[in-house]
Amino acid sequence: MLRINITSVVVDDQAKALAFYTEKLGFVKKTDVPAGEARWLTVVSAADPDGVELLLEPEGHPAARPFKEALVADGIPYTQFAVEDVHAEVERLKGLGVRFVQEATDLGPVVTAVLDDTCGNLIQIAAMK
């Protein structure tokens, strides 16, 4: 049976991304291996250290930056993370200096908010009601 092992988010600076994803969002560094000019750099949820890894992928491919810029220009999040309480998480993250481009919004069966990860991406957080 197939299962998700690693997924990625393309970042403009791996060191900056690692700091943001660990110090602000609360993920934990899992793997950090040199890979040419970049690193194979993954983080995991502190609540599930053996779970799905998020690869902080360097934007080495020429299409990466224009793709990310188009998503941001259209207000489209690159990926989504689950939280228990969107309102509480927005307040916690704002206290850490995280900038939101969409405040907590009730969309019926789900509450969402969208933040800027400082690495060229919009990231949605969501909780099902």
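Quick caveat, the model's predicted, so the values are computed rather than measured.

When helices and strands are counted, the protein chain shows 3 helices and 8 strands. When its helices and strands are written in sequence order, the protein chain yields β-α-β-β-β-α-β-α-β-β-β. Taking 2.2 N^0.38 as the reference for a compact globule, 129 residues should give roughly 14 Å; the C-alpha atoms of the protein chain span a radius of gyration of 15 Å, in line with that estimate. Here the protein chain holds 129 residues, and 36% of them are scored as buried. Just so you have it, the protein chain exposes about 7500 Å², and 56% of that area is on carbon and sulfur atoms. Considering the protein chain, the positive charge centre built from 12 side chains and the negative charge centre built from 20 side chains are found 2 Å apart.

Turning to helix H2 (residues 64–73), a few remarks are in order. Three or more residues of H2 are buried, namely Ala64, Lys68 and Leu71. All buried residues of H2 fall inside an arc of 60° around its axis, so they share one side. The elements touched by buried residues of H2 are strand E1 (6–11).

Turning to the side chain of Asp116, a few remarks are in order. Structurally, Asp116 can be placed in strand E7 (residues 110–116). A polar side-chain atom of Asp116 sits 2.8 Å from a polar atom in the side chain of Arg99. When sequence neighbours within four positions are dropped, the list of residues in contact with Asp116 reads Phe20, Val98, Arg99, Asn121 and Leu122.

This part takes up the pairing of strand E2 (residues 28–35). In the sheet, E2 pairs with strand E3 (residues 38–44) via 7 bridges, with the strands oriented antiparallel. When the bridges of E3 are listed, Pro34 appears paired with Arg39. Hairpin remark: E2 followed by E3, antiparallel, with 2 residues in the connecting loop; positive phi at Gly36, about 70°.

Moving on: the environment of Lys129. Here Lys129 lies in the segment after strand E8 (122–128). By relative accessible area, which is 61% here, Lys129 ends up exposed. The residues contacting Lys129, other than those within four sequence positions of it, are Asp106, Gly108, Pro109, Val110 and Val111. Among the polar contacts made by the side chain of Lys129, one reaches the main-chain carbonyl oxygen of Gly108 at a distance of 2.7 Å.

In this structure the tally under the stated criterion is 10 salt bridges. Salt-bridge contacts for Arg92 lead to Glu89; the nearest nitrogen and oxygen are separated by 2.7 Å. Taken as a pair, Arg92 and Glu89 lie in helix H3 (residues 86–95) at a separation of 3 residues, close to a single helical turn. We classify Glu89 as buried; its relative accessible area is 18%.

About the criteria used
- Residues numbered from 1 in each chain as written.
- Predicted model: local features only at pLDDT ≥ 70, side-chain atom pairs only at ≥ 80, totals over all residues.
- Heavy atoms only, no water.
- Helix = DSSP H or I, 4+ residues; strand = E, 2+ residues; numbered from the N terminus.
- Rg over C-alpha atoms; globule rule 2.2 N^0.38 Å.
- Buried < 20%, exposed > 50% of the residue type's maximum accessible area, 1.4 Å probe, protein only.
- Areas by Shrake-Rupley, 256 points an atom, 1.4 Å probe, with all protein chains shown as cover.
- Lys, Arg positive; Asp, Glu negative; His and termini not counted.
- Charge placed at Lys NZ, Arg CZ, Asp CG, Glu CD.
- Arc of directions from axis to C-beta.
- Contact = heavy atoms within 4.5 Å.
- Polar contact = N/O pair within 3.5 Å; in protein donor to acceptor, adjacent residues only side chain to side chain.
- Pairing = 2+ DSSP bridges.
- Salt bridge = Lys/Arg side-chain N within 4 Å of Asp/Glu carboxyl O.

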